[in-house]
Amino acid sequence: MRLFACDHCGQPVHFDNRQCVRCGHQLGFVPERLAIYALEADGSNWRLVAEPTRIVRFCANAELDICNWVVEAGDPEPFCIACRHNRLVPNTDTQQGIDRWRRIGQAERHLFYSLLRWNLPHPDRQQDPQGGLVFDFLEDAMQGGTIVPARTGHDEGRIAIRAAEADDVAREQARTSMNEPYRTLLGHFRHETGHFIWNKLIRDRNRFDAFRAVFGEERMDYGAALQQHYDNGPPPNWQENFISAYASAHPWEDFAECFAHYLHIVDTLETARSFGLAVDPYGYHEMAAAVDFNPYKAESAEQLVSAWIPLSVAINAIQRSMGQPDSYPFILSPPVIAKLEYLHGVIRGA
């Protein structure tokens, strides 16, 4: 995520900032411009300080400090372009529910920033009643005094995410029990949206041949493949061909995992570029890298990976110096890079 600036006073601001600490103006994110603007109150609405004739209002979720995105004042839709995809949300009658909703909303807007940067398809259920993108954030159930965790997954555009994943303790327990090296809310959003993108850009456009040439035969029984993975684990030496153990379960999961990692890499490289970060270890010039290009307009996945590997190695080393686990505990093998290259072409062609 790039660093933004208050367009009134030039103060650096971040993606989720609501107010400029220098000039005091309210800040709002204008999604069609992918930028943050200083605002002044205009009755129940707001006007852009730099464009006084532009009148907007905040997303309805701003009432609970969930969202800082705006919509046009005359738009009949109460929610912003991201929040209008939500159907079932956490219980806002409790503080726990509100806290979860805030963390979930933050991750969701981060996802939509990338979708909007690339102009990837994201029809809602009004635009596409059968396969539009919709989110259900599900509460755990109680059965006989035992908590039954809600399941995260995707089904024809419906993405279900367990609301408890917004709690650090619950998410870490799930990560440990499933022996995963990495588990985040944003990772869930990116992975499950990868399934949706596969539907829209591969299946619905009949681009199976190119997909199968890279990821393999997706027509194998999905349920049986997952059960095989859960019963027996990944194949030996899976790291040679897959970004994660779960990616080895089925080509659909492989695509979704690679899509999530492509977004991880591009978004983090944009952050590094925005802050002017570069690595050039003394005596190890082969590990030098600088993000001197726009990651969202990279020429190839190879260009991204060439900058990402040295940077991620440095970030991991810093994490270890703080007694923290690696931020990016994954290996980008040549077959994985080839999959990212395929994704790069799919995204650019969208």
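This text follows the structure it describes.
Residues numbered from 1 in each chain as written. Predicted model: local features only at pLDDT ≥ 70, side-chain atom pairs only at ≥ 80, totals over all residues. Heavy atoms only, no water.

Let us look at the side chain of glutamate 257. Here glutamate 257 lies in helix 6 (residues 251–274). Setting aside its immediate chain neighbours within four residues, glutamate 257 contacts His191, Ile243, Ser244 and Ala247. (Helix = DSSP H or I, 4+ residues; strand = E, 2+ residues; numbered from the N terminus. Contact = heavy atoms within 4.5 Å.)

Turning to the pairing of strand 6 (residues 51–58), a few remarks are in order. Bridge count for strand 5 (residues 45–48) against strand 6 is three bridges, and the pairing is antiparallel. The partner of arginine 47 across the bridge, within strand 6, is isoleucine 55. Following strand 5, the chain reverses through two residues before pairing antiparallel with strand 6. (Pairing = 2+ DSSP bridges.)

Attention now goes to the sheet that holds strand 5. Strand order in the open sheet formed by five strands is 3-4-5-6-7, and the pairing between neighbours is antiparallel. Each end of this open sheet is capped by a strand with a single partner; those strands are strand 3 (26–30) and strand 7 (70–72). Mean inter-strand twist for the sheet, computed between neighbouring axes without regard to direction, equals 50°. (Axes fitted to C-alpha atoms, helices over the stretch in contact; angles between N-to-C directions.)

As a further point, take a nonpolar patch on the surface. Nonpolar side chains collect at one region of the surface, where Tyr284, Met287, Ile309 and Val313 lie side by side and expose about 330 Å² of accessible area between them. Among the structural elements, valine 313 can be located in helix 7 (residues 301–321). (Patch = residues over 30% accessible without salt bridge, like charges linked within 9 Å, V, L, I, M, F, W, Y side chains within 5 Å. Areas by Shrake-Rupley, 256 points an atom, 1.4 Å probe, with all protein chains shown as cover. Salt bridge = Lys/Arg side-chain N within 4 Å of Asp/Glu carboxyl O.)

Before going further, it helps to spend a moment on helix 5 (residues 222–232). Within the sequence span of helix 5, burial applies to Ala225, Leu226 and His229. One side of helix 5 carries all its buried residues, which in axial view fall inside an arc of 95°. Facing away from the buried surface of helix 5 by more than 90 degrees, the exposed residues are Asp231 and Asn232. In this structure, the buried side of helix 5 is in contact with helix 6. The opening residue of helix 5, the one whose side-chain oxygen lies 3.1 Å from the backbone nitrogen of glycine 223, is aspartate 221. Where helix 5 ends, the next residue or the one after it, glycine 233, has phi of about 80°, a positive value. (Buried < 20%, exposed > 50% of the residue type's maximum accessible area, 1.4 Å probe, protein only. Arc of directions from axis to C-beta. Polar contact = N/O pair within 3.5 Å; in protein donor to acceptor, adjacent residues only side chain to side chain.)

The next subject is the packing of helix 4 (residues 208–215) against helix 8 (residues 334–348). With their axes 10 Å apart at the nearest point, helix 4 and helix 8 run at an angle of 160° to one another. It follows from the interaxial angle that helix 4 and helix 8 lie roughly antiparallel. Crossing angle aside, the handedness with which helix 4 passes helix 8 is left-handed. Contacts between helix 4 and helix 8 involve Ala210, Phe211, Val214 and Phe215 on the former and, on the latter, Ala338, Lys339 and Tyr342. For the contact of helix 4 with helix 8, the residue count by class is six nonpolar, no polar and one charged. (Parallel < 35°, antiparallel > 145°, perpendicular 65-115°, else oblique. Left-handed = near helix turned anticlockwise from the far one by under 90°. Nonpolar A, V, L, I, M, F, W, Y, C, P; charged D, E, K, R; others polar.)

Quick look at the environment of glycine 97 now. Secondary-structure assignment places glycine 97 in helix 1 (residues 95–118). Of the residues examined, glycine 97 reaches a relative accessible area of 4% and is grouped as buried. Between the alpha carbons of glycine 97 and alanine 163 there is a distance of 8.5 Å; along the sequence they are 66 residues apart. Non-local contacts of glycine 97, meaning those with residues more than four positions away in its chain, are made with Pro90 and Asn91.

On to unusual backbone geometry. Although it is not a glycine, asparagine 119 adopts a positive phi angle of roughly 55°. Relative to the helices and strands, asparagine 119 resides in the loop between helix 1 and strand 9 (134–138). In this structure, asparagine 179 takes a positive phi of about 55° despite not being glycine. Mapped onto the elements of the fold, asparagine 179 is located in the loop between helix 2 (168–177) and helix 3 (185–203).

What follows concerns the sheet that holds strand 12 (residues 153–155). Read from one edge of the open sheet, four strands run 8-9-13-12, paired in mixed fashion. Lying at the two open borders of the sheet, with one neighbouring strand each, are strand 8 (86–88) and strand 12. The mean angle between the axes of side-by-side strands here comes to 25°, regardless of whether they run parallel or antiparallel. Across three bridges, strand 12 lies against strand 13 (residues 158–162) in antiparallel orientation. By the bridge assignment, glycine 153 is partnered in strand 13 with alanine 160. Its contacts with the sheet place helix 1 against strand 8 and strand 9, and it is angled at close to 155° to strand 9.

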